[in-house]
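Examining the three-dimensional arrangement
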Amino acid sequence: MSDGDDKYWYNTKTREVEHGMLSPAPERVGPFDTAEEAERAPEIIQERARAWAEEERREDSWGADDALDGFEG
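Below you will find a few notes about this structure. Since we're looking at a predicted model, the values are computed, not measured. (Residues numbered from 1 in each chain as written. Predicted model: local features only at pLDDT ≥ 70, side-chain atom pairs only at ≥ 80, totals over all residues. Heavy atoms only, no water.)

A word on the nonpolar core. Counting six residues, the largest nonpolar core is built from Y10, V29, F32, A38, A41 and I44. Among the elements of the structure, strand 3 (28-32) and helix 2 (41-61) are those that each provide at least two residues to this core. The contacts of F32, once residues within four sequence positions are left out, are K7, Y8, E37, A38, A41 and I44. (Core = buried A, V, L, I, M, F, W, Y, C linked by side-chain atoms within 4.5 Å. Buried < 20%, exposed > 50% of the residue type's maximum accessible area, 1.4 Å probe, protein only. Helix = DSSP H or I, 4+ residues; strand = E, 2+ residues; numbered from the N terminus. Contact = heavy atoms within 4.5 Å.)

For the structure on display, the rule yields six salt bridges. Where K13 meets E27, a salt bridge forms, and the shortest distance between an N and an O atom there is 3.9 Å. Here K13, found in the loop between strand 1 (8-11) and strand 2 (16-19), pairs with E27, found in the loop between strand 2 and strand 3; they are 14 residues apart in sequence, far enough to count as distant. For K13, a relative accessible area of 62% gives the class exposed. Between E54 and R57 there is a salt bridge, with the nearest N and O atoms lying 2.6 Å from each other. Of this pair, E54 and R57 both sit in helix 2, three residues apart, which is roughly one turn of that helix. Relative accessible area serves as the criterion here: at 31%, E54 is assigned to the partly exposed category. Within this structure, R40, E43 and E47 form a network of salt bridges that share partners. (Salt bridge = Lys/Arg side-chain N within 4 Å of Asp/Glu carboxyl O.)

Don't take any of this as a statement about function, it's just geometry.
This is how it looks when you write it as structure tokens:
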């Protein structure tokens, strides 16, 4: 049994938790160590997406204030 077969996955199509890699990869989110974690997959995905968006926003604005220091326009 591969590592993924021992884990839990969230099926985005059926919205059900699966034990092992039962569904096609595009329909699966995971792996998770517990069924409870897999049940929270949609919430976890949202949390991570918000964190990534915030990180990108900070990176995109990095140095923007510094670029204007000493410049009078």
